[in-house]
Amino acid sequence: MSKLTLNRIVEKVDEMPVLPNRINRIIEIVEDPDSTVQDLENEILKDQSLTSKVLKLANTTHYGYPRKISTVSRATILLGFQSIKSIALASTVSKYLIGELEGYALGKNDLWKQSQTCGIISRYIGKKKGIGNPEKAYIAGLLRDIGKTILNHYVKDEYSKIVEMVEGKNPSFLDAERTILGFDHAEVGGKVAQKWNFPEDLVEAIKYHHTPERATENPELVSIVHIADAITMMMGIGIGADGMSYNFSQFAIDILDLGENEIESIISETSDLIIDEDNFNVV
């Protein structure tokens, strides 16, 4: 791959907008132990679109509350600060994930549905395994393929070469992507996460979700996203050109101490969480 083209891809990451100040402020409030429900509500209410999206997502069935949530403060009390942070972030990044990605044979909204599914499953596994902050697993799962939005143009241009390599030599789409382009969507996603000033363990979870054995910061978090990603593909959610050849990493299975029966149980139980279309309608 030419140096010029490599630089152009890095420039594409640089061109991606930073997270809006309001989202950064919400993250600051959530992480400040002295913050109140009122502090968080006041910040969210400054943005009418964000307010409606938070309430819309808060009322989706996967949270399991029988009565309609009509105020941000009520949502915050019921769901907790970390969940509200996840919802606010999801509503912001959805615009990057809803478009058609021709390079990956993904139609409009396919990547968003796939990303939300992976996030929901990641959160579920995080809770099941008792990690400290399951919402971090949700965010990592939601954003694990954000790099595809950057690489889409280049993959589209080289699509025939990549498909030819996959069909001829039978590597994964990811390996072919790396060979033809010089690096893969997971690495580019890590660069996006760094641009957004995410913690290092979140950067790693996005960067290494296909190769969890490379993680050093938080192998458990990376392994959760890896397993959730594979389950999402097995469910056939938003499958594109690269969705048919992913397997569970033995490293991830060992780190999470997952048996075959437990994996089958996770697949069965999370299927119920993603049935409702409202989980995916934030735009």
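Residues numbered from 1 in each chain as written. Predicted model: local features only at pLDDT ≥ 70, side-chain atom pairs only at ≥ 80, totals over all residues. Heavy atoms only, no water.

If you check an unreviewed UniProt entry, the chain appears there as HDOD domain-containing protein from Anaerosalibacter massiliensis.

We now examine the overall build of the chain. Per the secondary structure count, the chain includes 16 helices and zero strands. For the chain, the residues scored as buried account for 50% of the 283 residues in total. (Helix = DSSP H or I, 4+ residues; strand = E, 2+ residues; numbered from the N terminus. Buried < 20%, exposed > 50% of the residue type's maximum accessible area, 1.4 Å probe, protein only.)

Between its first and last C-alpha atoms helix 7 (residues 110-128) spans 27 Å; for 19 residues at 1.5 Å apiece the expected length is 27 Å, and the two agree. The buried fraction of helix 7 amounts to 14 of the 19 residues, a majority that puts the element mostly inside the structure. Following helix 7 by one or two positions, glycine 130 adopts a phi angle in the positive range, close to 70°. (Expected span 1.5 Å × (residues − 1).)

Interaxial distance between helix 7 and helix 14 (residues 219-234) falls to 8 Å at its minimum, and their mutual angle equals 130°. Relative to helix 14, the element helix 7 lies oblique. In this structure, the crossing between helix 7 and helix 14 has a hand that is right-handed. For the pair formed by helix 7 and helix 14, the contact residues are Gln114, Thr117, Cys118, Ile121, Ser122, Ile125 and Gly126 on the first element and Ile224, Val225, Ile227, Ala228, Asp229, Ile231, Thr232 and Met233 on the second. Split into classes, the residues belonging to the contact of helix 7 with helix 14 amount to nine nonpolar, five polar and one charged. (Axes fitted to C-alpha atoms, helices over the stretch in contact; angles between N-to-C directions. Parallel < 35°, antiparallel > 145°, perpendicular 65-115°, else oblique. Left-handed = near helix turned anticlockwise from the far one by under 90°. Contact = heavy atoms within 4.5 Å. Nonpolar A, V, L, I, M, F, W, Y, C, P; charged D, E, K, R; others polar.)

Right, let's get into unusual backbone geometry. Although it is not a glycine, alanine 105 adopts a positive phi angle of roughly 55°. Mapped onto the elements, alanine 105 comes out in the loop between helix 6 (81-97) and helix 7. Residues other than glycine seldom take positive phi values, yet aspartate 257 does so here, at roughly 55°. Among the structural elements, aspartate 257 can be located in the loop between helix 15 (250-256) and helix 16 (260-273). Residue aspartate 257 is classed as exposed on the basis of its relative accessible area of 62%.

Relative to the helices and strands, aspartate 145 resides in the loop between helix 8 (134-143) and helix 9 (147-157). Contact partners of aspartate 145, with chain neighbours within four places excluded, come to Leu111, Gln114, His185 and His209.

Moving on, we get to the pattern of salt bridges. For the structure shown, the criterion picks out 16 salt bridges. The salt bridge involving arginine 144 is made with aspartate 145; its shortest N-O contact spans 3.4 Å. Aspartate 145 shares its class with arginine 144; the two are buried. Overlapping salt bridges, with partners in common, bring together Arg144, Asp145, Lys148 and Asp229 in one network. (Salt bridge = Lys/Arg side-chain N within 4 Å of Asp/Glu carboxyl O.)

Within the secondary structure layout, threonine 117 lies in helix 7. Polar side-chain contacts of threonine 117 include one of 2.7 Å to the backbone oxygen of lysine 113. (Polar contact = N/O pair within 3.5 Å; in protein donor to acceptor, adjacent residues only side chain to side chain.)

The next thing to look at is the packing of aromatic side chains. Per the counting criterion, the structure on display carries three aromatic pairs. Aromatic pair tyrosine 96 and tryptophan 196: ring centres 5.7 Å apart, planes at 35°, arrangement tilted. Remark: tryptophan 196 occurs in the loop between helix 12 (185-195) and helix 13 (200-207) and tyrosine 96 occurs in helix 6; sequence separation between them is 100 residues. Residues tyrosine 96 and tryptophan 196 agree in their burial class; the two are buried. (Phe/Tyr/Trp six-rings, centres within 6.5 Å; stacked < 30°, edge-to-face > 60°.)

It is characteristic of soluble globular proteins that their nonpolar side chains tend to be buried jointly. With 80 residues, the main nonpolar core has Leu143, Ile146, Trp196 and Phe198 as its most contacted residues. Of all the elements, helix 6 adds the most residues to this core, at eight residues. For isoleucine 146, the contacting residues outside a window of four places in its chain are Met16, Tyr96, Leu97, Gly189, Val192, Trp196 and Ile206. (Core = buried A, V, L, I, M, F, W, Y, C linked by side-chain atoms within 4.5 Å.)

Another point: the packing of helix 6 against helix 7. Angle between the axes and distance between the axes are the two parameters that describe a pair of packed helices. Their axes nearest at 8 Å, the elements helix 6 and helix 7 cross at an angle of 140°. Between helix 6 and helix 7, the angle is such that the two are oblique. Between helix 6 and helix 7 lies a crossing whose hand is right-handed. In this structure, helix 6 contributes Ala90, Ser94 and Leu97 to the contact, and helix 7 contributes Leu111, Trp112 and Ser115.

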